[in-house]
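Overview (structure and organization)
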2 protein chains.
Amino acid sequence: VSGEFDRIAEIRRRAARRSSSVVLGIGDDAALLRPAPGCDTAISTDLIVEGVHFNLDWASAELIGHKALAVSVSDMAAMGARPFAALFSIALPAALGDEFQRRLYAGIFALAGRFAIQIVGGDSSSSPGPVFVDSVLVGEVERGRALRRSGARPGDDLWVSGTLGSSAWGLELLRGGARLETSAGSDHDAILTHLAPEPRVALGRALAERRLAAAAIDLSDGLSSDVRHLCEESHVGVVIEAAALPTHRPLEAALHGGEQFELLFASRPAVASDVAELTDVLGLSLTRIGRFGGPQDRVLLDNDGTTSPLSAKGWDHFASR
Amino acid sequence: VSGEFDRIAEIRRRAARRSSSVVLGIGDDAALLRPAPGCDTAISTDLIVEGVHFNLDWASAELIGHKALAVSVSDMAAMGARPFAALFSIALPAALGDEFQRRLYAGIFALAGRFAIQIVGGDSSSSPGPVFVDSVLVGEVERGRALRRSGARPGDDLWVSGTLGSSAWGLELLRGGARLETSAGSDHDAILTHLAPEPRVALGRALAERRLAAAAIDLSDGLSSDVRHLCEESHVGVVIEAAALPTHRPLEAALHGGEQFELLFASRPAVASDVAELTDVLGLSLTRIGRFGGPQDRVLLDNDGTTSPLSAKGWDHFASR
C-alpha cells in the first residue's frame, strides 16, 4: 500500500521527484515506474531486524536508515544497475515514538539524495517486538549488460574492490564497547564501515557500461561465502591468493567477515589493464585476488604456495554468534 | 538480496517461470524484469505483522501466506495492473521451524499460481519477536491506463464491487471463538473473507482496458477511510447512500470495516450501463453507492434523506482495538 504513507505527510513531502523514471510516486495504491528505453528493471529486497542485523545500543536511527538503504543499493551495484526508486516497509515499537521514525527517514533521505533515488512507497506498522526494516530497491540497466553471477569462466581473474575485513573488525570493536562517536583513526573507520557502508554503484555501472565484468556479486555474507555463489552459478572453481587480499585485518576477518559491501567480480584477463585503470577513474582500489579454474565449484586458498579448500563460514551477523 | 534464497532450494525450484515479463528470477543479487511493450511498471509493498494484522491462534501458515500476497495483489487490482512478479521478505521466530515456512510458502505459491505471478526474490531472517511478512508486488499496466485515485469529478458515480462488512464480521466471529474449520454457512464465508480475501484483479483490468473508471482504490482501511482518499486526491466531495450499500451486516461494519479488498471506483454516468454489464462478464456484483459532488473533500452519508458527515473511523486491525 503506497497510500499508507498518506498518513505521513512529511515523508510524502520529502519524497521529492528525483528520477525521470518515476511516473507516479507516493500517494496511490502503487507507484508507477518507466525505466529508460532499452533498459531492464532490476529489483531486490533486503530485510534488517533489530537484534539480528543491528543493535540500538550502538546504531542511531539515522545510521539504521542509512544501512537499510545502503545494503539494497549494493545489490543494484552488484547487478551493474542504476538505482532510481525505493520503497520501505517499517515496523516500529510504539515506545520508540515518532521522533525515531523521523530520524530513521532522515538517514534514508540523506543517502537516497546522494544517489538520486526517489522514495516511491512503502508500508508501516506498529511492532509488538523489534524494529523491522525492509528495503526494496528498483534500478535500471541496459538490456544484456546486467552483471549476473553466472558468467565467470576458467582463466578469468577474480577482482575485489576496496579493502576486506574492516566491517567485521568494526563489529568486534562495537562488541568490545567502542562507539562511533568516541573512536578515532582506523578504529573509527572500521566502525563506520560496519554502521554506514558505502555501496559501490559507480563501480558497478562502470563495469556494466564498459562490459568489463563477466560476473559479479556484492560481499554481504563474506568473501568465502560469496565467492562460492559466483562459482556455483558459473559452474567453475577458483583459487584465491591469500597474500593478495587487500586487508589490514586478520586473515580470518578478510576471508569470512561479512557486510563489507565491496564488489567481487570476474573479468577476462584481456581486460585486466582496463579494470586496473578504473581505480584512478573512481578513486577506489581494485585488486586481483585470484583466478577462476580448477575443479568445478571448488574454492581453494593459496597460502604461500600451500593450497587448501576454503570453507564458507556463514556470516550470521552478530546476534546468532 | 535475491540470492538469500540460494539457501532455500525448494523455494527456488518451486518459483518456476510463470511470466514472460521476468528476464531473471531468484538466484542473483537482483531480479530482472521487462514489462510488456507500452506498459508502465506498478509496484507496491504490504507489511503484515503477527499480533497486529494476524494471529497464529486462528490463521494457519498457509492462510498467512495467502493473505500476505492477496493484500498486495489487491493494490495491483486497484491500479488496473496485471500482477506478474512478487518478492517476499520474511522474519520468523526460530521456534516455528522450517515446516511453518514451508507451509507459509505453500499458501503463497497456491495464490501466485492462480494469477501467474512469479516469485522472483526476497529476503529472510530470524525474528526475536513476531512473524513479519513483507510482500512486494510488481505489475504492468498500459501507459496512461492506470487507475489512479485522483481522477474523480463532480457528477461521477461511486461504485463498489462485491459486498461490504463481511471481513469485519468474520473478525468479530474469530474474536468470539469461532474458527474457520468449525464454522458453516454465512459465518464460514465471513471468516473466509477475513482470512483469505480474493483480490479483484479481473475487475481492475477490465476497468483499465475499457477505460470505465476515472479513479479507483481498494478497500483496505474501510469504506469511510478509503473513499476519503479518493476525495482528497481528486479534490471532490461525495454523497454515499446508506440504503444502497451491498451488505448483510450492520451498517457500521459496512461503513468502517476494513480488509474487505473490494474495489471502490468512480465512473462517468455515461458509462454506467457498461459498468453494470461487467457484473455478468466477471460474475461479480457491482453496486452504485453514491455520487461525487458537494463540498470539496467532504464525505456525506445520506441515510433515508438525512444527510450527515461521515467521519473516517480508522481500521487499526484487531490488536490495537
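Overview of the structure. (Residues numbered from 1 in each chain as written. Chains lettered and ligands numbered in written order. Predicted model: local features only at pLDDT ≥ 70, side-chain atom pairs only at ≥ 80, totals over all residues. Heavy atoms only, no water.)

Along its length, chain A carries nine helices and 13 strands. Its C-alpha radius of gyration of 20 Å places chain A within 12% of the 20 Å reference for a compact globule of 321 residues. If one aligns the C-alpha atoms of chain A with their principal axes, the spans along those axes are about 60 × 50 × 30 Å. Residues classed as buried in chain A amount to 62% of the 321 residues present. (Helix = DSSP H or I, 4+ residues; strand = E, 2+ residues; numbered from the N terminus. Rg over C-alpha atoms; globule rule 2.2 N^0.38 Å. Buried < 20%, exposed > 50% of the residue type's maximum accessible area, 1.4 Å probe, protein only.)

Reading across the sheet, the six strands line up as β5(A)-β4(A)-β6(A)-β3(A)-β2(B)-β1(B) and stay open at both edges, with mixed pairing between neighbours. Each edge of the open sheet is held by one strand with a lone partner, namely β5 (118–126) of chain A together with β1 (22–24) of chain B. Sheet twist, expressed as the mean angle between neighbouring strand axes with direction ignored, is 25 degrees. In the sheet, strand β3 (residues 39–49) of chain A pairs with strand β2 (residues 31–33) of chain B via three bridges, with the strands oriented antiparallel. The residue bridging Thr-41 of chain A from the neighbouring strand is Leu-33 of chain B, located in β2 of chain B. Contacting β3, β4 (82–92) and β6 (132–142) of chain A together with β1 and β2 of chain B, helix α2 (residues 61–79) of chain A runs over the sheet at an angle of about 30 degrees to β6 of chain A. Of the strands in this sheet, β4, β5 and β6 of chain A are in contact with helix α3 (residues 97–114) of chain A, which crosses β4 of chain A at around 170 degrees. (Pairing = 2+ DSSP bridges. Axes fitted to C-alpha atoms, helices over the stretch in contact; angles between N-to-C directions. Contact = heavy atoms within 4.5 Å.)

A few words on the interface of chain B and chain A. Chain B puts 60 residues into the contact, and the matching count from chain A is 60 residues. For the chain B face of the interface with chain A, the top three residues by lost area are Asp-29, Ile-43 and Arg-149 of chain B, together amounting to 14%. Applying the counting criterion to the chain B and chain A interface returns six salt bridges. Seen at the junction of chain B and chain A, the total is 18 residue pairs in polar contact (both at pLDDT 80 or more). (Buried area = accessible area lost by both parts, 1.4 Å probe. Salt bridge = Lys/Arg side-chain N within 4 Å of Asp/Glu carboxyl O. Polar contact = N/O pair within 3.5 Å; in protein donor to acceptor, adjacent residues only side chain to side chain.)

Another aspect to go through is the packing of helix α4 (residues 166–175) of chain A against helix α5 (residues 185–195) of chain A. All names here are of chain A. Two elements in contact, α4 and α5, have axes whose closest approach is 7 Å; the angle formed by their N-to-C orientations is 105 degrees. For the element pair α4 / α5, the angle class is roughly perpendicular. Only Asp-187, Ala-190, Ile-191, Thr-193, His-194 and Leu-195 of α5 make contact with α4, whose side of the interface consists of Ser-166, Ser-167, Trp-169, Gly-170, Leu-171, Leu-173 and Leu-174. The residue makeup of the contact of α4 with α5, split by class, is seven nonpolar, five polar and one charged. (Parallel < 35°, antiparallel > 145°, perpendicular 65-115°, else oblique. Nonpolar A, V, L, I, M, F, W, Y, C, P; charged D, E, K, R; others polar.)

Turning next to the packing of aromatic side chains. This model, assessed by the stated rule, comprises seven aromatic pairs over all chains. A ring pair is formed by Phe-132 of chain A and Phe-132 of chain B, whose centres lie 4.0 Å apart and whose planes are at 10 degrees; its orientation type is stacked. Highlighted residues: Phe-132 of chain A in strand β6 and Phe-132 of chain B in strand β6 (residues 132–142), drawn from two different chains. By relative accessible area, which is 0% here, Phe-132 of chain A ends up buried. (Phe/Tyr/Trp six-rings, centres within 6.5 Å; stacked < 30°, edge-to-face > 60°.)

Mapping chain B onto chain A calls for a rotation angle of 180 degrees and an axial translation of 0.0 Å; the resulting RMSD is 0.0 Å. On the angle and the small slide along the axis, the relation comes out as a two-fold axis. Considering only C-alpha atoms, the part of chain B nearest the rotation axis is Gly-129 of chain B, at 2.4 Å. (Least-squares fit on C-alpha atoms with pLDDT ≥ 70 in both.)

Let us look at the pattern of salt bridges. Residue and element names in this part refer to chain A. Under the criterion given, the structure shown has 36 salt bridges over all chains. Taking the shortest distance from any N to any O, the salt bridge between Arg-200 and Glu-262 comes out at 2.8 Å. Taken together, the residues Arg-200 in the loop between α5 and α6 (201–209) and Glu-262 in the loop between α8 (251–256) and β10 (263–267) connect sequence positions 62 residues apart. With a relative accessible area of 4%, Glu-262 lands in the buried category. Beyond isolated ion pairs, a larger network of salt bridges with shared partners links Asp-157, Glu-241, Arg-288 and Arg-291.

A few words on the sheet that holds strand β8 (residues 215–218) of chain B. Residue and element names in this part refer to chain B. The sheet built from seven strands is open, its strands ordered β8-β10-β7-β11-β9-β12-β13 with mixed pairing. In the strand order of this sheet, the two ends are held by β8 and β13 (306–309), each with one partner. Within this sheet the neighbouring strands show an average axis-to-axis angle of 25 degrees, counted without direction. Pairing of strand β12 (residues 299–303) with β13 involves four bridges; the strand directions are antiparallel. Each residue of the ladder has a partner; that of Leu-301, found in β13, is Ser-308.

The subject of this paragraph is the side chain of Arg-149 of chain A. Mapped onto the elements, Arg-149 of chain A comes out in the loop between β6 and β7 (157–161). Classification of Arg-149 of chain A as buried rests on a relative accessible area of 2%. Within polar-contact distance, the side chain of Arg-149 of chain A engages the side chain of Asp-29 of chain B at 2.9 Å.

Here we take up the pairing of strand β11 (residues 286–292) of chain A. Residues and elements named next belong to chain A. With five of its seven residues buried, β11 lies for the most part within the structure. Bridge count for β7 against β11 is five bridges, and the pairing is antiparallel. Each residue of the ladder has a partner; that of Leu-158, found in β11, is Gly-290. Relative to β11, strand β9 (residues 238–241) runs antiparallel, the two being bridged by three bridges. Each bridged residue has a counterpart across the sheet, and for Val-238 the counterpart in β11 is Phe-292.

Glancing now at unusual backbone geometry. What is expected of a backbone is that most residues other than glycine have negative phi and most peptide bonds are trans. Even without glycine at this site, Arg-211 of chain A takes up a positive phi of about 55 degrees. Classification of Arg-211 of chain A by relative accessible area gives exposed; the value is 58%.

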